[in-house]
Amino acid sequence: MKLPVYLGMVRSAESVLASSLRKIGDGHGSEPDVYFICHTLADQCEAHEQLLAPIVDRYGEQPDDEPERLHAAELDDTRSGPLGLLRDLQDLHLLTTFVDFTYTLVEQAAAALRDDELLDVVADCVGETSTQADWLRTRAKQAAPQALIAAE
Amino acid sequence: MVDRIADIWGTRTPYAREEQWPSRVDQKLSAELTDSDVDEWVQSACVLCSNGCACDIAVKDGEMVGVRGRETDAVNRGRLGPKGLFASWQGMRNRARLTQPLIRENGELVPTDWETAMSRIVGRSTELLDEVGPLSHGFYTSGQLFLEEYYALGVIGKAGLGTPHMDGNTRLCTATAAAAMKESFGSDGQPGCYEDIDCCDAVFLYGHNMAETQTVLWARVLDRLTGADRPALVCIDPRRTEVADHADVHLAVRPGTNLALMNALVRELFVNDWIDRDYIEEHTLGVEELRRAVDEWTPERAAEVCAVAAEDIRRAAQIFGTSQRVLSTVLQGFYQASQATAASCQVNNLHLLRGKLGTPGNGVLQMNGQPTAQNTRETGADGDLPGFRNWENPDHIAELAKLWDVDTDTIPHWAPPTHAMQIFRYAEQGSIKLLWVSATNPAVSMPEAERIRRILAESGLFLVVQDLYLTETARFADVVLPAAGWGEKQGTFTNVDRTVHLADKAVDPPGEARSDFEIFLDYATRMGLSTKSGRPLLDWETPEDAFEAWKECSRGRLCDYTGITYDRLRGGSGIPWPCNEEHPDGRRRLYEDGCFSTGFEECETFGHDLLTGATVGPLRYRSMDPAGRALLKTAEFTSAPEIPDESYPLRFTTGRTAYHFHTRTKTGRSSQLQGAAPSAWVEISEHDAQAFGIAEGDIVRVASRRGEIRVPARIGSVSDGTVFAPFHYGYWERQEAGETRPEDEPTAANELTLTEWDPVSKQPQFKNAAVRIQRIAAGSGPAPAPTTTASRPIRRTSMPPTVGGEDGQAEERFPTDTVKEDAL
């Protein structure tokens, strides 16, 4: 059974997203809403990891032996300025998409396994992941015209 | 005669439930004058809080010499508060008024003429439009102009220049009221009205020190409290305010924890089955999600987070859950705190769960902080589109484009209009290069004052300030425009409970000052702003022309003004909107049928996630299909952005005193009000005073991570661990006296506050910062804080009470008595 591969993927992606949110939030501390919301969302990701822990304990985690083409890599640096903010929000959005898609596949497996506990965990987490993506999109859309047209 | 400084609310006129609030006509004339000296009384309404008290201005020899409440008006039945009595006219009549335009030459502001000043603005404006486009322009207006002026500004920005960067200082005071109503009911628009006070069985005040912020409204509540069928009163406020003193339950919540308390109150309704299942089923969406969201918030859990007694939470919930008719009012204690929109939506939710909304006595008053804030919101001079239109709805944009005869593309609608805090951020980053500030004083009123001063002083920013006085903000300007104010110009405005009043012109403005309306029209003309068919965009001459144009813009919307005319506003009482063929005398309450403004084509917003502010968007909104049902929304509780720690162990919160408005631009020019609350102070609890070795009146340094203030301390009634400062005290007196850097001896509360805002309403969080306090010197007597308000000392020994003396005397007349006397 390969579900443990995906459980490992989603748990590590949540962890990567949490630390990336904190890094970007700190890096754009002069945008106070970005700073505070990034940290709130990072708290959510860490709570998701906690929710996943008993499931992972049950199924185990299994490394993927496939070659990595695309994986959730931690954002290790922040950019600066209005354009940099757009780019960083976009990178975060990519990470949330990765998490969201991974949950979608885990949810499919959970349904087929009739694993109600896992279905509940996914339901709890994926709604927040989707809102995280919505917020990143909302914030970046608002910032884009000024950053791309008027800012120096 | 009554000393209305000592007796803020005046003589009681008790009344019982469902009786009409008795009249009491308050009047103040300049010393030595009597009624017979007055040449003329000119109809108006007061602009020194959001209550909207109707009044007549006394005119003698072309000068405003006093004021009298209008007995016939439903809002105040003749009453006026101390600010209205003493500052409305004296605040205008001062030798420091600006009388001619100023421009900056070699770093100094020098007097000039209108032609030069306007040419300079138009020159820079045109240059920037050519080089960068409309995103280079920002407009930051007020909650104190008139409807016609805001509408003019809104049309200039949205249909003329096409900039999304327009907001009002309403962002600081009332944005959450609008946001909470939009999220719950689909649109801005106050469900309740003041008559709900007359017939309710319980009143809940959430972060609303009504006794000081809307003194005449509080007089109405006091008259109910002292009459037969006294309503129960519940107060949620970290200070022991006058409201708290009268309350059956006072929940002195720890700042930053409102949502936790609200979650517990909502949970109690569910747990005790104090809910109306039929109403919920038929008229709301989201009850299951709400039930789940509050599930963990037992009174005990909330009690721990909020530092109140669980038993008190239960008692408050029981009053809400079992009163037949219940009224809620909400203000800055919720709006300027963390999770503002979510906490305010929970107030709406309490009413929706019980089905207690829109019927007599069952009301929500999501209050405004300023007299004309409602109009800033309606007309599109702030972060909204005119007529409560939805920027995400292409049909709404098309309506506006047709109305204004401009291309739909001209109207910015790719994102919500930019909120004030973001406008200042863009100015800080240099991408907004022209900022036009009208009738507001951000140098004192915005959070993190040092940062705001730095932004206003940016050399790359072309700053236009139009105001009555050379405010702290105006001193940074490149061009200062002298504005005519209240009593010197004509216009309408709308108060908290949607009542529209006309304010007529009583006297000429001083010197060359011009109304904001004339200034905006002049700019539009000089810029050649025009419609598609080549007509002037603002094809108006008088405020009444603009009012008629606005009526068309409001037609068919919730804020429908089409049944109102200037003539109809003269004489009797103000008229509430919507006023149209269906409601010829205006509609007193909204949503009495449980049908809300949430229909897809009607709604002002598709809503947001209340935790983050993420937009819901048209697709998901359509699939939810609220179709007239209210939305039960909340968010998960999170702790405030800055909480006390070892370095900054106390919580800081700010607010008003009864005697002043905003940055005292007007109230500071009234000897009565200025005498009552002459200079800045902070309030601390007795416990904290002992812990930090501070005695009454000692000079203390209160510091946050942003800055510090040095002011006398009042040992007062705030909760332990909390420091309160009034936000009125900037630096203009010392600047007028010639000091060049008065902020080196800081007194403004906003030196300490932090830059952060609610994710949905974008209202800054003035009510939560971490600070430390230290005694730096002995004082010369008690702190200069009034003894008549929430700032009263905890020990009332040997302190002179706040009185107004001869100057503070105002007349009170009781019309029924007058009749009797006449009969004799």
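Asks: What is the right way to look at the overall build of chain A in this model?
Replies: A count of helices and strands for chain A gives four helices and zero strands. Starting at the N terminus and walking to the C terminus, you meet the elements of chain A as α-α-α-α. Relative to its length of 152 residues, chain A is compact, with a C-alpha radius of gyration of 16 Å against a globular reference of 15 Å. In terms of its C-alpha atoms, chain A occupies a principal-axis envelope of roughly 55 × 30 × 20 Å. For chain A, with 152 residues in total, the buried portion stands at 45%. In chain A, the proportion of contacts linking residues at least 24 apart, taken out of those at least 6 apart, comes to 82%. Approximately 7,400 Å² of chain A is accessible, and the part contributed by carbon and sulfur atoms is 51%.

Asks: What is the right way to look at the environment of Ala-147 of chain A in this model?
Replies: All names here are of chain A. By the secondary structure assignment, Ala-147 is in helix 4 (residues 116-150). By relative accessible area, which is 11% here, Ala-147 ends up buried. With 61 residues separating them along the chain, Ala-147 and Leu-86 place their C-alpha atoms 7.7 Å apart.

Asks: Hey, could you run me through the sheet that holds strand 3 (residues 40-45) of chain B in this one?
Replies: As a general point, the strands of a sheet are linked pairwise by backbone hydrogen bonds and lie either parallel or antiparallel. All names here are of chain B. The strand order across the open sheet built from six strands is 1-29-2-5-4-3, with neighbouring strands paired in antiparallel fashion. Both edges of this open sheet fall to strand 1 (2-3) and strand 3, since each of them pairs with a single strand only. Note: strand 4 (residues 54-60) against strand 5 (residues 63-69), six bridges, orientation antiparallel. Each bridged residue has a counterpart across the sheet, and for Val-59 the counterpart in strand 5 is Met-64.

Asks: Would you mind going over the interface of chain B and chain A with me for this structure?
Replies: When the parts of a complex come together, some accessible area is lost, and that lost area is often used as the size of the interface. In this complex, chain B contributes 28 residues to the contact, which on the side of chain A involves 24 residues. Between chain B and chain A, roughly 2,100 Å² of surface is buried when both sides are summed, and carbon and sulfur atoms account for 57% of that area. For the chain B face of the interface with chain A, the top three residues by lost area are Leu-135, Arg-425 and Thr-612 of chain B, together amounting to 21%. Glu-152 of chain A is the salt-bridge partner of Lys-433 of chain B, the closest N and O atoms lying 2.8 Å from each other. Where chain B meets chain A, there are ten residue pairs in polar contact (both at pLDDT 80 or more). In terms of residues, the side of chain B that touches chain A owes the most to one element, helix 19 (residues 420-429) of chain B, which gives four residues.

Asks: Would you take a moment to explain the domain arrangement of chain B for this structure?
Replies: Residues and elements named next belong to chain B. Domain annotation of chain B identifies domain 1 (2-95), domain 2 (102-173 + 372-553), domain 3 (175-367 + 597-631) and domain 4 (650-793). Centre-to-centre, using C-alpha coordinates, domain 2 lies 33 Å away from domain 3. On the domain 3 side, the residues contacting the 18 residues of domain 2 number 29 residues. When the buried surface of domain 2 facing domain 3 is broken down by residue, Phe-388, Glu-392 and Val-496 rank first, second and third, together holding 31% of it. At the boundary of domain 2 and domain 3, one finds two salt bridges. Notably, a salt bridge pairs Asp-188 with Arg-377, separated by 2.7 Å at the nearest N-O pair.

Asks: Please clarify how the nonpolar core should be interpreted in this entry.
Replies: Considering soluble globular proteins, one finds that nonpolar side chains tend to be buried as a cluster. Tyr-206, Trp-218, Trp-436, Leu-481 and Trp-486 of chain B are the most contacted members of the largest nonpolar core, which has 211 residues in total. Once residues within four sequence positions are removed from consideration, Tyr-206 of chain B is found in contact with Ile-236, Met-262, Phe-320, Ser-328, Thr-329, Val-330, Leu-331, Phe-334, Val-347 and Leu-350 of chain B. Leu-7, Val-10, Leu-89 and Leu-95 of chain A belong to the second largest nonpolar core, which has 41 residues in total.

Asks: What is the right way to read the sheet that holds strand 11 (residues 232-236) of chain B from this model?
Replies: Residues and elements named next belong to chain B. Spatially, five strands are ordered 12-11-10-14-15 in an open sheet, and the strand pairing comes out parallel. For this open sheet the edge positions go to strand 12 (249-251) and strand 15 (363-366), each flanked by a neighbour on one side alone. Averaged over all pairs of adjacent strands, the angle between strand axes in this sheet comes to 10 degrees, irrespective of strand direction. As judged from the five bridges shared by strand 10 (residues 202-206) and strand 14 (residues 326-330), these two strands associate in the parallel manner.

Asks: Would you take a moment to explain the confidence of the model for chain B for this structure?
Replies: A low pLDDT means the predicted coordinates there should not be read in detail. Chain-level pLDDT for chain B is 96 on average; 99% of the residues reach the 70-or-more range. For residues 818-824 of chain B, every residue scores under 50 in pLDDT, and the model assigns this stretch zero contacts once sequence neighbours within four places are set aside.

Asks: What's the story with helix 18 (residues 394-404) of chain B in this structure? I'm lost.
Replies: Since there are 3.6 residues in each turn of an α-helix, residues three or four apart along the chain are aligned in direction. Residues and elements named next belong to chain B. Turning to helix 18, its buried residues are His-396, Ile-397, Leu-400, Ala-401 and Trp-404. Along the axis of helix 18, the buried residues cluster in a sector spanning 140 degrees; they form a single face. Exposed residues pointing more than 90 degrees away from the buried face of helix 18 are listed as Pro-394 and Lys-402. If you follow the buried residues of helix 18, they end up packed against helix 3 (147-161) and helix 23 (543-554). Among the residues of helix 18, the N-terminal cap falls to Asn-393, whose side-chain oxygen and the backbone nitrogen of Asp-395 are separated by 2.9 Å. Residue Asp-405 follows helix 18 closely and has a positive phi angle near 55 degrees.

Asks: Looking at this model, I keep getting lost on the pattern of salt bridges. Mind explaining?
Replies: Working definition: two side chains of opposite charge can pair if their charged atoms are close together. Residues and elements named next belong to chain B. Under the defined criterion, the tally for this structure stands at 80 salt bridges over all chains. Here Asp-384 ties to Lys-182 by a salt bridge, and the two come within 2.5 Å at their closest N and O atoms. One end of the pair, Asp-384, is in the loop between helix 17 (373-379) and helix 18; the other, Lys-182, is in helix 5 (residues 175-185), and 202 residues separate them in sequence. For Asp-384, a relative accessible area of 7% corresponds to the buried category. A salt bridge links Arg-588 to Asp-497; the shortest N-O distance between them is 3.2 Å. Remark: Asp-497 occurs in the loop between strand 19 (491-494) and strand 20 (499-503) and Arg-588 occurs in the loop between strand 21 (575-576) and helix 25 (617-624); sequence separation between them is 91 residues. Looking at Asp-497, the relative accessible area reads 1%, which means it is buried.

Asks: Explain helix 5 of chain B to me, please; I cannot follow it from the model alone.
Replies: Residue and element names in this part refer to chain B. Within helix 5, eleven of the eleven residues are buried, which leaves it mostly tucked inside the rest of the structure. All of the buried residues along helix 5 are Ala-175, Thr-176, Ala-177, Ala-178, Ala-179, Ala-180, Met-181, Lys-182, Glu-183, Ser-184 and Phe-185. On its buried side, helix 5 packs onto helix 4 (170-173), helix 15 (332-335), helix 16 (340-354), strand 15, helix 17 and strand 22 (630-631). Looking at the residues trailing helix 5, positive phi occurs at Gly-186, about 95 degrees.

Asks: Looking at this structure, how should I read the environment of His-208 of chain B?
Replies: Residue and element names in this part refer to chain B. Topologically, His-208 is positioned in the loop between strand 10 and helix 7 (210-213). When the C-alpha atoms of His-208 and Phe-493 are compared, they prove to be 22 Å apart, with 285 residues separating the residues in sequence. In this structure His-208 touches Thr-213, Gln-214, Ile-236, Val-243, Thr-329, Val-330, Leu-331 and Met-367, once residues within four positions along its chain are discounted. At 2.7 Å, the side chain of His-208 and the side chain of Gln-214 are in polar contact.

Rules used throughout
Residues numbered from 1 in each chain as written. Chains lettered and ligands numbered in written order. Predicted model: local features only at pLDDT ≥ 70, side-chain atom pairs only at ≥ 80, totals over all residues. Heavy atoms only, no water. Helix = DSSP H or I, 4+ residues; strand = E, 2+ residues; numbered from the N terminus. Rg over C-alpha atoms; globule rule 2.2 N^0.38 Å. Buried < 20%, exposed > 50% of the residue type's maximum accessible area, 1.4 Å probe, protein only. Contact = heavy atoms within 4.5 Å. Areas by Shrake-Rupley, 256 points an atom, 1.4 Å probe, with all protein chains shown as cover. Pairing = 2+ DSSP bridges. Buried area = accessible area lost by both parts, 1.4 Å probe. Salt bridge = Lys/Arg side-chain N within 4 Å of Asp/Glu carboxyl O. Polar contact = N/O pair within 3.5 Å; in protein donor to acceptor, adjacent residues only side chain to side chain. Domains from an automatic or database assignment. Core = buried A, V, L, I, M, F, W, Y, C linked by side-chain atoms within 4.5 Å. Axes fitted to C-alpha atoms, helices over the stretch in contact; angles between N-to-C directions. pLDDT = per-residue confidence, 0-100. Arc of directions from axis to C-beta.

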